[in-house]
Amino acid sequence: LYRFPLIKVRGIPLMCHIADNWDSIWAFCPDPSDILIATYPKAGTTWVQEIVDLLLHNGDAEVARRAPTLERNPFLEMYSPPPIPSGLSLLKRMEPPRVIKTHLAFQLVPEGFWEKKCKAIYVARNAKDNLVSYYHFDQMNQTQPEPGPWEGYIHKFMNGELSWGSWYDHVKEYWKEREKRNILYLFYEDMKEDPRREVERIMRYLDLSLNDDVISRIVELTSFNTMKDNPMANYSCIPKVVFDQSISPFMRKGVVGDWTNYFSPEQNELFDEDYKQQMEDVNIPFRTNI
Ligand code: A3P
């Protein structure tokens, strides 16, 4: 029905509605209390959004269910055709502290976030699982370009041709800026390994101090199975013409290492070769096999 084309903004391919409204997105003026959650698509955005929301509300389960994720934490650059409200229009109506989601590459994030020293959390996920998750998402999300066959999709990913651009540049730019901008840089694999440790890390970054029981409750409320069953977190509020979850559910598997079910040995070799080159200028401690 939709399958919108991508248009480049400063070299980065974005959904045409985002590109068409770029000037107002770039002009967004944050409040110093705004909290930014930035990710390459499918890195674990919704998971961290849920954790942050619960941390800010002392682990109150009612809060996690008061409205769909999209309304609780507006998606900064999202412009969909009506009646879905734009991220900016939702933000205008909200009281601080606002939790704002973005998939924008570092250089496209409105500068006010850094000038006002807003808190920012970045979540990175290993390239292969991120790619597999995106491949499924592009099949079910009818506003994204057709993913086409798996073999070609891998090349689109490696060439940075997917919506929101290159995974490699995305994870690298935030990594390089993390100290200067005081960005909390998290890894999906760490969150899977020890969710409590990572929830506590986020809590400290947000200058909060919650008791052990509350933290345990937050870990439980943000587990994959709880979120999968929570209509306010699993995106079931989005109409089927946009998210056709019968093709692939938004809460799909939520595991590390699913890539091994998709990459052939040849594809894996090619990918690794290319990865080495694209990532040679940084040393980000990704763990692909845990
Ligand atoms: P999979 O497709 O691999 O299952 P995003 O929120 O950035 O779009 O990322 C979605 C990915 O995060 C999906 O990955 C989804 O299942 C996974 N995810 C969402 N909530 C999760 C949770 N509580 N625990 C683990 N993974 C989660």
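Calculation rules
Residues numbered from 1 in each chain as written. Predicted model: local features only at pLDDT ≥ 70, side-chain atom pairs only at ≥ 80, totals over all residues. Heavy atoms only, no water. UniProt positions renumbered as here; feature names shortened; annotations may be inferred. Helix = DSSP H or I, 4+ residues; strand = E, 2+ residues; numbered from the N terminus. Rg over C-alpha atoms; globule rule 2.2 N^0.38 Å. Contact = heavy atoms within 4.5 Å. Areas by Shrake-Rupley, 256 points an atom, 1.4 Å probe, with all protein chains shown as cover. Disulfide = S-S within 2.5 Å. Buried < 20%, exposed > 50% of the residue type's maximum accessible area, 1.4 Å probe, protein only. Phe/Tyr/Trp six-rings, centres within 6.5 Å; stacked < 30°, edge-to-face > 60°. Lys NZ or Arg CZ within 6 Å of the ring centre and 35° of its normal. Near = heavy atom within 4 Å. Polar contact = N/O pair within 3.5 Å; in protein donor to acceptor, adjacent residues only side chain to side chain. Nonpolar A, V, L, I, M, F, W, Y, C, P; charged D, E, K, R; others polar. Salt bridge = Lys/Arg side-chain N within 4 Å of Asp/Glu carboxyl O. Pairing = 2+ DSSP bridges. Axes fitted to C-alpha atoms, helices over the stretch in contact; angles between N-to-C directions.

- As annotated in an unreviewed UniProt entry, the protein chain is Sulfotransferase from Umbra pygmaea.
- Looking at the Subcellular location (unreviewed entry) heading of the UniProt record, one finds this comment for the protein chain: "Cytoplasm".
- Per UniProt, the comment on the protein chain under Sequence similarities (unreviewed entry) is "Belongs to the sulfotransferase 1 family."

1. As for the overall build of the protein chain
- Within the protein chain, the regular secondary structure consists of 15 helices and 6 strands.
- By the compact-globule yardstick of 19 Å for 290 residues, the protein chain fits well, its C-alpha radius of gyration being 18 Å.
- The contacts of the protein chain with a sequence gap of at least 6 include a subset with a gap of at least 24, amounting to 73%.
- Of the roughly 12,800 Å² that the protein chain leaves accessible, carbon and sulfur atoms contribute 51%.

2. Brief notes about the state of the cysteines
- Under the counting rule described, the total for this entry stands at 0 disulfides.
- Free of any disulfide, Cys118 has its nearest cysteine sulfur in Cys29, 9.3 Å distant.
- On the accessibility criterion, Cys118 (3% relative accessible area) is buried.

3. Comments concerning the packing of aromatic side chains
- Taken as a whole, this structure holds 33 aromatic pairs when the rule is applied.
- Ring geometry for Phe75 versus Trp164: centroids 5.9 Å apart, planes at 25°, classification stacked. With Phe75 in the loop between α5 (69-72) and α6 (87-93) and Trp164 in the loop between α9 (150-158) and α10 (167-177), the pair connects residues that are 89 residues apart, well separated along the chain.
- Overall, the relative accessible area of 7% leaves Phe75 in the buried class.
- Classification of Trp164 by relative accessible area gives buried; the value is 4%.
- The residue whose ring lies beneath Arg10 is Trp26, and the NZ or CZ to ring-centre distance is 4.1 Å.
- Looking at Arg125, its charged tip hangs above the ring of Tyr188, at a distance of 3.9 Å from the centre.

4. Quick look at the site of the ligand
- Taken together, 18 residues form the shell around the ligand, and within it Thr45, Thr46, Ser133, Tyr188 and Lys253 come nearest.
- At a separation of 2.8 Å, an oxygen atom of the ligand approaches a polar side-chain atom of Lys42.
- Alone, the ligand offers 570 Å² of accessible surface; in the complex the protein occludes 97% of this.
- Listed by contribution, the elements that provide at least two residues to the shell around the ligand are α3 (45-56) and α14 (224-229).
- No other element matches the 3 residues that α3 contributes to the shell around the ligand.
- In terms of residue class, the shell around the ligand is made up of 7 nonpolar, 7 polar and 4 charged.

5. Some thoughts on the environment of Glu220
- Residue placement: Glu220 occurs in helix α13 (residues 212-221).
- Along the primary structure Glu220 and Arg196 are separated by 24 residues, whereas in three dimensions their C-alpha atoms are 9.4 Å apart.

6. What about the pattern of salt bridges?
- A full pass over the atoms with the stated rule returns 21 salt bridges.
- Here Arg66 makes a salt bridge to Asp53, at a shortest N to O gap of 3.9 Å. In this pair, Arg66 sits in the loop between α4 (61-64) and α5 while Asp53 sits in helix α3, placing the two residues 13 residues apart along the sequence.
- Since its relative accessible area comes to 44%, Arg66 is described here as partly exposed.

7. Remarks on the sheet that holds strand β4 (residues 99-102)
- Strand order in this open sheet of 4 strands is β4-β3-β5-β6, and the pairing throughout is parallel. Of all strands in the sheet, those bounded by a partner on one side alone are β4 and β6 (183-187). Strand after strand, the sheet turns through a mean of 20° between neighbouring axes, direction not considered.
- The pairing of strand β3 (residues 35-39) with β4 spans 4 bridges and is parallel. Paired with Ile35 across the strands is Val99, a residue of β4.
- Its contacts with the sheet put α3 on β3, β4, β5 (119-124) and β6, and the angle it makes with β3 is roughly 160°.
- Where helix α12 (residues 195-205) meets the sheet, its contacts fall on β5 and β6, and the angle it forms with β6 comes to roughly 175°.

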